Amino acid sequence: MKRVKVSNNVIRRLPRYLRKLDELSAAGVSRISSGELGRQLGLTPSQIRQDFSCFGEFGQQGYGYKVTALRAEIANILGMDRGFAAVIIGVGNIGHALMCNFNFKQWGFEVKAAFDVKSELVGKEVEGITVHHIDELESYITENHVDAAVLCVPKQYAVSTTELLTSKGINAIWNFTNVELTAPESSTIVENVHFSDSLLSLSYFIAEDIDEKAAKAARLNK
């Protein structure tokens, strides 16, 4: 597939389209218009058509989009059919939870190995994935093809582990360390995940709603 430079905002919306199309398919919906898709996602029909036009023409005027076909196109754009190889570094609370509860294969990744320093974990299997000692990480990456690393180490080891990964040419890092990581001197892509960001956004909207209701009540009581 020909790749063109697409804005980050468009890329961030693609998973939303994918989830909605999965919901529609599960509900037995076979076809949907850009207007109805936009209504369900809180987007304008023109925004949806503009987003899809970055990758080709997927619908027909007056007919809309075939749900299964559009879902397959978006999955292809997102690389879900590539079977990317991943490793998990840090099998603490977050790493262990991801291994046990997150379906990496569903989203196009296969976790090949995990790494930790705890002797009680090394040599064990978690959901069929062997946990190696962290000292074996460098040689493992050298000897095996790895596309992405899921980084769940304690904050104090985030930068040094990232430096090791970038030096070995890892394509991407999914970072759960709560440290804002960058890799400007390498081609490694870093996706920083901060749970607090989402919670604080929710906090803002709760506070805004409470303040608006309080202001409205004050006006009515005058």
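The structure we're discussing is the one just above.
Residues numbered from 1 in each chain as written. Predicted model: local features only at pLDDT ≥ 70, side-chain atom pairs only at ≥ 80, totals over all residues. Heavy atoms only, no water.

> How should unusual backbone geometry be read in this particular structure?
Among all residues save glycine, negative phi is the norm, and among peptide bonds the norm is trans. The backbone of Glu127 shows a phi angle near 55°, a positive value even though the residue is not glycine. Here Glu127 shows up in the loop between strand E5 (125-126) and strand E6 (129-133). By relative accessible area, which is 56% here, Glu127 ends up exposed. One non-glycine residue, Asn178, adopts positive backbone phi at about 65°. Note on placement: Asn178 falls in the loop between strand E8 (172-175) and strand E9 (189-192). A residue is classified by how much of its surface remains accessible, and Asn178, at 42% relative accessible area, is partly exposed. (Helix = DSSP H or I, 4+ residues; strand = E, 2+ residues; numbered from the N terminus. Buried < 20%, exposed > 50% of the residue type's maximum accessible area, 1.4 Å probe, protein only.)

> Please clarify how the environment of Lys112 should be interpreted in this entry.
Assignment of secondary structure puts Lys112 in strand E4 (residues 109-116). In this structure the C-alpha to C-alpha distance between Lys112 and Ile129, which are 17 residues apart in sequence, comes to 6.6 Å. Once you skip the residues sitting within four places of it in the chain, Lys112 turns out to touch Ala85, Ala86, Ile129 and Tyr140. (Contact = heavy atoms within 4.5 Å.)

> Teacher, can you tell me more about helix H3 (residues 45-53) here?
Since there are 3.6 residues in each turn of an α-helix, residues three or four apart along the chain are aligned in direction. Among all positions of H3, only Ile48, Asp51 and Phe52 are buried. One side of H3 carries all its buried residues, which in axial view fall inside an arc of 95°. The inward-facing, buried residues of H3 contact helix H1 (8-26), helix H2 (34-41), strand E2 (65-66) and helix H4 (67-77). (Arc of directions from axis to C-beta.)

> In this structure, what is going on with the sheet that holds strand E3 (residues 84-89)? I would like to understand it.
What holds strands together in a sheet is hydrogen bonding between their backbones, with the strands either parallel or antiparallel. The strand order across the open sheet built from 7 strands is E5-E6-E4-E3-E7-E8-E9, with neighbouring strands paired in mixed fashion. Across the chains shown, the open sheet's two edge strands, defined by having one partner strand only, are E5 and E9. Sheet topology places E8 next to E9; 4 bridges connect them, and they run parallel. If you follow Trp174 over to E9, its bridge partner there is Glu191. Here helix H7 (residues 158-167) sits on the sheet and contacts E3, strand E7 (148-151) and E8; the angle it forms with E7, its principal contact strand, is near 175°. (Pairing = 2+ DSSP bridges. Axes fitted to C-alpha atoms, helices over the stretch in contact; angles between N-to-C directions.)

> Would you mind going over the nonpolar core with me for this structure?
Across soluble globular proteins, nonpolar side chains have a tendency to be buried as a group. Ranked by size, the top nonpolar core spans 18 residues in total, and within it Tyr17, Leu37, Ile48, Phe52 and Ile74 carry the most contacts. Broken down by secondary-structure element, the contributors of at least two residues to this core are H1, H2, H3 and H4. Aside from chain neighbours lying at most four places away, what touches Leu37 is Lys20, Leu24, Ile32, Ile48 and Phe52. Formed by 17 residues, the second largest nonpolar core is a distinct cluster that contains Ala113, Ile141, Val153 and Leu165. (Core = buried A, V, L, I, M, F, W, Y, C linked by side-chain atoms within 4.5 Å.)

> Help me understand a nonpolar patch on the surface in this model?
Together, Leu199, Leu202, Ile206 and Ile210 line one region of the surface with nonpolar side chains, adding up to about 400 Å² of accessible area. Take Ile210: its relative accessible area is 51%, and that puts it in the exposed class. (Patch = residues over 30% accessible without salt bridge, like charges linked within 9 Å, V, L, I, M, F, W, Y side chains within 5 Å. Areas by Shrake-Rupley, 256 points an atom, 1.4 Å probe, with all protein chains shown as cover. Salt bridge = Lys/Arg side-chain N within 4 Å of Asp/Glu carboxyl O.)

> Looking at this structure, how should I read the packing of aromatic side chains?
For the structure on display, the rule yields 10 aromatic pairs. Between Tyr17 and Phe52, the ring centres sit 4.9 Å apart and the planes meet at 65°, which makes this aromatic pair edge-to-face. Of this pair, Tyr17 sits in helix H1 while Phe52 sits in helix H3, and the two are 35 residues apart along the sequence. The same class applies to Tyr17 as to Phe52, namely buried. Ring centres of Phe102 and Trp174 lie 5.7 Å apart, and the angle between their planes is 55°; this geometry places the pair in the tilted category. Residue Phe102 is found in the loop between helix H5 (93-101) and E4, and its partner Trp174 is found in strand E8; the two are separated by 72 residues along the sequence. With relative accessibility at 32%, the residue Phe102 sits in the partly exposed group. Pairwise contacts between aromatic rings join Phe102, Phe104, Trp174, Phe176 and Phe195 into one cluster. (Phe/Tyr/Trp six-rings, centres within 6.5 Å; stacked < 30°, edge-to-face > 60°.)

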